[in-house]
Amino acid sequence: MKYDVVVVGGRIGGSIASLYASKDDADVLMIEKRQEIGTPVQCAEGTTQSIFKILDMKPDKRYINAEIDGATIHAPDGRAIDLAEVSCENFLDGTGYKGYILDRKVFDKHLAIQAAKAGAEIMMKTTVKDLIRKDGRVCGVVAEHLGETMEIKADVVIAADGVESNMARQAGLTNPNKPGNIGSCAQYELFGLDIDPHQLNFYFGREIAPGGYLWMFPKGEDTVNVGLGVRSTKKTAYQYLNQFISRFKGTTPVELNIGGVPLSGPIDKTYTDGLLVVGDAAGHVDPVTGGGIHIAAFCGKTAGQVAAEAVKKENTSESVLKRYDEIWREKFGKNLEISLKYRNAADKLTDKDMNALAEFLEKNKIENLSKISAIKFLGKHPHLLMLIRDLL
Ligand SMILES: Cc1cc2nc3c(=O)[nH]c(=O)nc-3n(C[C@H](O)[C@H](O)[C@H](O)COP(=O)(O)OP(=O)(O)OC[C@H]3O[C@@H](n4cnc5c(N)ncnc54)[C@H](O)[C@@H]3O)c2cc1C
């Protein structure tokens, strides 16, 4: 078997890469190890409006469970801050407060179908075990399907195989993820919880989600994604989640998902001769929010286009594929770098700091905020002042 482009992994990054490589006339095979595209979900399903601009698609009710127009932050002491009142223009990727809760089981499959419509072939329940190399360059994969092993040759392999990416590791594209930099997540889709159907809710605190946060994202149909991510804790994410939801009497879970999310920023190099790395496999996730859907979409699209172009030029060496790395870094590189800095600073915040910040924001709505009130506040909180100095 021989294809222009073989894509490993069939969710956001993989399907979008397959779609755009196929649109640009490449002969594409997408390989997915699961028996169904999009399951298990392993995502809170919140995303920005920008993803539809990236994909040049109109949002469709079939895969949108809720439209979001605001968010509330809950400090460890229970104080609730409505973000609309403290103004965060760039919340949700510069699109203000507007966003969506997707139905990823439907959305991911929809993207795979778009890729197939554009000409991509898809193999399900097939696991890529190895990369094939010739003269030091990647030129295909070894895959296993229902006990049968096969060699599939390709001019370009796109690794979109998620947070535990074997492909990136095998290609020697070192992944800087250390255990503390992978967020461990657990999430219930919870039935019977009555919350505003257009608001996101975030909870912070050492008792709730140390090293991370808890989210409640409305899904419509009386269900809510209630999940959390933690880092370097003795208790598991699942234990923290059960502890939190025990307060919601009369609710019941209808789905449980456990998964990891890379929070250490992108890998140093996302290309080599004959291979590109996309999405979670490349660390394309915001280190503060854990959001990766819109980044995987942009990078998947760019990887598909650059791969197809390289095939047309009959040059799939890293000198040509490097363009992919340049394009995504120009779009997201700086943001991811800054976000990692913020996350490192946030790691040093104590519950006391967070409560103080929440109290300050509550008392000083943005229109009343003055330099004097901010200086007075920081004068009383030297720890916060030091963290801000570190950031500047
Ligand atoms: C609990 C949780 C909540 C999250 N919430 C949000 C959110 O609300 N908003 C947001 O933007 N982001 C969120 N994220 C992050 C987001 O889900 C990911 O960034 C995004 O799904 C990455 O897509 P991907 O295609 O790169 O990887 P994945 O979605 O991980 O897909 C990888 C695919 O590759 C397949 N695969 C792996 N190995 C092989 C192999 N060897 N052979 C064949 N197939 C293989 C897997 O089966 C899988 O289908 C969340 C993550 C977690 C864990």
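This text goes with the structure placed above it.
### Details of helix α4 (residues 104-117)
Then, number 1: Its 14 residues place the ends of α4 19 Å apart at the C-alpha level, agreeing with the 20 Å of an ideal helix rising 1.5 Å per residue.
Then, number 2: Among the residues of α4, R104, F107, D108, H110, L111, A112 and A115 are the ones counted as buried.
Then, number 3: Among the structural elements, α1 (12-23), β2 (28-31), α2 (50-54), β7 (99-102), β8 (121-123) and α7 (293-313) are those in contact with the buried residues of α4.
Then, number 4: One or two steps after α4, the chain reaches G119, where phi turns positive at roughly 120 degrees.

### Focus: the site of the ligand
Then, number 1: Lining the immediate environment of the ligand, one finds 33 residues, of which E32, A44, G46, R104 and D280 sit closest.
Then, number 2: At 2.6 Å from an oxygen atom of the ligand is found a side-chain nitrogen or oxygen belonging to E32.
Then, number 3: Look at the ligand: alone it shows 1000 Å² of surface, and the protein chains cover 92% of it.
Then, number 4: At the level of elements, α1, β9 (126-134), β14 (213-220) and β16 (252-262) are the ones that each hand at least two residues to the shell around the ligand.
Then, number 5: Examining the composition of the shell around the ligand, we find that 3 residues originate from one element, β9, more than from any other.
Then, number 6: Grouping the constituent residues of the shell around the ligand by class yields 12 nonpolar, 13 polar and 8 charged.

### Looking at the pattern of salt bridges
Pairing between side chains of opposite charge can happen when the charged atoms of each approach one another.
Then, number 1: The tally for this structure, following the rule as stated, stands at 14 salt bridges.
Then, number 2: Ionic pairing is found between K2 and D155, a salt bridge with its closest N-O pair at 3.1 Å. Note that K2 is positioned in strand β1 (residues 2-8) and D155 in strand β11 (residues 148-159), a separation of 153 residues in sequence.
Then, number 3: Looking at D155, the relative accessible area reads 26%, which means it is partly exposed.

### Let's talk about the sheet that holds strand β5 (residues 70-74)
Then, number 1: With mixed pairing, the 7 strands of this open sheet are ordered in space as β6-β5-β13-β14-β15-β12-β16. Unpaired on one side and paired on the other, β6 (80-82) and β16 mark the two borders of the sheet. In this sheet, neighbouring strand axes are inclined to one another by 20 degrees on average, regardless of whether the strands run parallel or antiparallel.
Then, number 2: For strand β13 (residues 199-203) and β14, the ladder comprises 3 bridges, and the chain directions are antiparallel. The residue of β14 that forms the bridge with Y203 is L214.
Then, number 3: Most of the contacts of helix α6 (residues 237-245) go to strand β12 (residues 182-191), to which it runs at about 35 degrees, and overall it touches β12, β13, β14, β15 (223-230) and β16.

### What to know about the nonpolar core
Then, number 1: Membership of the largest hydrophobic core comes to 52 residues, with the highest contact counts inside it found for V5, F52, L55, F107, I158, L276 and Y324.
Then, number 2: Counting residues per element, this core draws most heavily on α7, at 12 residues.
Then, number 3: Contacts of L55, omitting those with residues within four sequence positions, involve I16, Y20, F107, L111 and A297.
Then, number 4: Residues M123, L131, A171 and A282 belong to the second largest nonpolar core, which totals 25 residues.

### Re the environment of D4
Then, number 1: With respect to the secondary-structure elements, D4 resides in strand β1.
Then, number 2: Assessed through its relative accessible area of 18%, D4 is described here as buried.
Then, number 3: Counting along the chain gives 71 residues from D4 to A75, while the straight-line C-alpha distance between them is 51 Å.
Then, number 4: Non-local contacts of D4, meaning those with residues more than four positions away in its chain, are made with D25, A26, D27, A154, D155, V156 and V311.

Each value, and the rule that gives it
Residues numbered from 1 in each chain as written. Predicted model: local features only at pLDDT ≥ 70, side-chain atom pairs only at ≥ 80, totals over all residues. Heavy atoms only, no water. Helix = DSSP H or I, 4+ residues; strand = E, 2+ residues; numbered from the N terminus. Expected span 1.5 Å × (residues − 1). Buried < 20%, exposed > 50% of the residue type's maximum accessible area, 1.4 Å probe, protein only. Contact = heavy atoms within 4.5 Å. Near = heavy atom within 4 Å. Polar contact = N/O pair within 3.5 Å; in protein donor to acceptor, adjacent residues only side chain to side chain. Areas by Shrake-Rupley, 256 points an atom, 1.4 Å probe, with all protein chains shown as cover. Nonpolar A, V, L, I, M, F, W, Y, C, P; charged D, E, K, R; others polar. Salt bridge = Lys/Arg side-chain N within 4 Å of Asp/Glu carboxyl O. Pairing = 2+ DSSP bridges. Axes fitted to C-alpha atoms, helices over the stretch in contact; angles between N-to-C directions. Core = buried A, V, L, I, M, F, W, Y, C linked by side-chain atoms within 4.5 Å.

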